[in-house]
Amino acid sequence: MKQAIFVMMDQYADWEGAYLSSQLTDWVVKTASNQPEVTSIGGWTTRVDYQISELKPEMTLLVLIGGNAWQHDDLRLTTLIQQCLHRKVIVGAICGAVDYLARNGLLTGYRHTGNAQFLWQSFSQYQNPTDFDPQQVVVDRQLVTANGTAALAFTSAVLKASGQLTTAAKQALDLQQLGYYEYTRQYGDPFKP
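It should be emphasised that the depicted structure is a prediction, and the values quoted were computed from it without experimental measurement.

Peer 1: For this particular structure, what's the right way to read the sheet that holds strand E7 (residues 90-94)?
Peer 2: Through backbone hydrogen bonds, the strands of a sheet pair up, either in parallel or in antiparallel fashion. The strand order E5-E2-E1-E6-E7-E9-E8 describes an open sheet built from seven strands, whose pairing is mixed. In this open sheet, the two strands that pair with only one neighbour each are strand E5 (50-51) and strand E8 (137-140). Across four bridges, the pairing between E8 and strand E9 (residues 143-146) is antiparallel. Paired with Asp140 across the bridge in E9 is Leu143. Strands strand E1 (3-7), strand E6 (61-64), E7 and E9 of the sheet are contacted by helix H2 (residues 75-86), whose axis makes an angle of about 140° with E6.

This is the structure in C-alpha cells:
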C-alpha cells in the first residue's frame, strides 16, 4: 500500500496539506514531527504518528508542510530528505519548508520555486539561484516545490507526480479553485445525482 508522510512542525500551516491528504483516499496517510504534539497556525493541536527519528525513506511520498518553525535545522530530517530524493521518493515542500530545503542545500540540482528567493541570499548552501522559477509550483523529477499561496496547485502537482491526479481528484480541486457556481456552469452540479 502507498504511504504518505506529512511532516509538520509546530506552528504548521494547517491549510497547506488538507487538500492533498483528502485526495489520498487509498493511501496510508501519517504525520511526523520533531515533537509528539504540534499546534497549527490556526490553533489545531495534532498528535503526530511518528517522530522524525523513527522514519525510514521507504514511503511513497514525503510532504513537508510549511509554517513558522522551519528556521530550525534538524540533521535527522535533512538526512531523511536526502535519502528520499536519492531513492526517487516524491518529495513535496511548500512555503517555509522550501526555505528549509534551500538553507540545507537540498535544492541543488533541481529547478524550484518558493516564497521569495531573496530570503535565501544568506544561505551558504543555496548554490543554484539560477534554477529558481518564479511560479506557484515547480516540479523537477520527484521534487515538487510551491510557495505559500499555492495549496491547490501544490496538491494538483503532487498528485500528478505520484500518478494520482484522477478525473475525480481534478474535479474536486476544480470545485475548490473555481467555486461552486462557476464549477456548476462548467461541469454541472456536483451534488445532483
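Next, the rest of the story.
Peer 1: Is there a simple way to think about the pairing of strand E2 (residues 28-33) in this case?
Peer 2: Regular strands show a simple pattern: their side chains alternate between the two faces of the sheet. Sheet topology places E1 next to E2; five bridges connect them, and they run parallel. Each residue of the ladder has a partner; that of Phe6, found in E2, is Thr31. When E2 meets E5, the two strands line up parallel, connected through two bridges. What sits directly across from Ser33, in E5, is Gln51.

Peer 1: Would you mind showing me how to read the packing of helix H1 (residues 15-23) against helix H4 (residues 151-161) here?
Peer 2: Between two packed helices, what matters for the description is the angle formed by their axes and the separation of those axes. At a closest axis distance of 8 Å, the pairing of H1 and H4 adopts a crossing angle of 35°. For the element pair H1 and H4, the recorded crossing hand is right-handed. Only Ala151, Leu152, Phe154, Thr155, Val158 and Leu159 of H4 make contact with H1, whose side of the interface consists of Trp15, Glu16, Tyr19, Leu20 and Gln23. Of the residues belonging to the contact of H1 with H4, the class tally is eight nonpolar, two polar and one charged.

Peer 1: I tried to follow the packing of H4 against helix H5 (residues 167-178) on my own but got confused; where do I start?
Peer 2: Orientation of H4 relative to H5, taken along the N-to-C sense of each, is 170°, at an axis distance of 10 Å. In terms of their interaxial angle, H4 and H5 are classed as roughly antiparallel. Together, Leu152, Thr155, Ser156 and Leu159 of H4 and Ala169, Leu173, Gln176 and Gln177 of H5 make up the contact between the two elements. In terms of residue class, the contact of H4 with H5 is built from four nonpolar, four polar and no charged.

Peer 1: Can you walk me through the packing of aromatic side chains in this structure?
Peer 2: Applying the stated criterion across every chain yields a total of six aromatic pairs. Ring plane angle 75° and centroid distance 4.9 Å describe the contact between Trp120 and Tyr126, whose orientation is recorded as edge-to-face. Taken together, a centroid distance of 4.7 Å and an interplanar angle of 40° make the contact between Tyr183 and Tyr187 tilted. Here Tyr187 and Tyr183 lie together in helix H6 (residues 180-187), a separation of four residues that amounts to about one turn.

The rules behind each value
- Here, residues in each chain are numbered from 1, in the same order as that chain's written sequence.
- Under the rules for a predicted model, residues below a pLDDT of 70 receive no local features and side-chain atom pairs below 80 are neither given nor counted, while totals for whole chains, interfaces and linings still include all residues.
- The basis for the side-chain values is all heavy atoms of the structure; hydrogens and waters are excluded.
- When DSSP locates at least two bridges between a pair of strands, those strands are taken to pair.
- Note on conventions: DSSP H or I runs of at least 4 residues are helices, E runs of at least 2 residues are strands, and numbering of each starts at the N terminus.
- The contact rule is simple, with two residues in contact once any of their heavy atoms fall within 4.5 Å.
- Axis lines are fitted to C-alpha atoms, over the contacting stretch for helices. Their N-to-C directions set the angle, which ranges from 0 to 180 degrees.
- Should the near helix be turned anticlockwise from the far one by less than a right angle, the crossing is left-handed, and should it be turned clockwise, the crossing is right-handed.
- Classification convention: Asp, Glu, Lys, Arg as charged; Ala, Val, Leu, Ile, Met, Phe, Trp, Tyr, Cys, Pro as nonpolar; all other residues, Gly among them, as polar.
- For classification, angles of less than 35 degrees are called roughly parallel, those exceeding 145 degrees roughly antiparallel, those between 65 and 115 degrees roughly perpendicular, and all remaining angles oblique.
- Stacked, tilted and edge-to-face are the three classes applied to pairs of Phe, Tyr and Trp rings, where Trp contributes its six-membered ring and a pair requires centres within 6.5 Å; stacked means planes under 30 degrees apart, edge-to-face means over 60, and tilted covers the rest.

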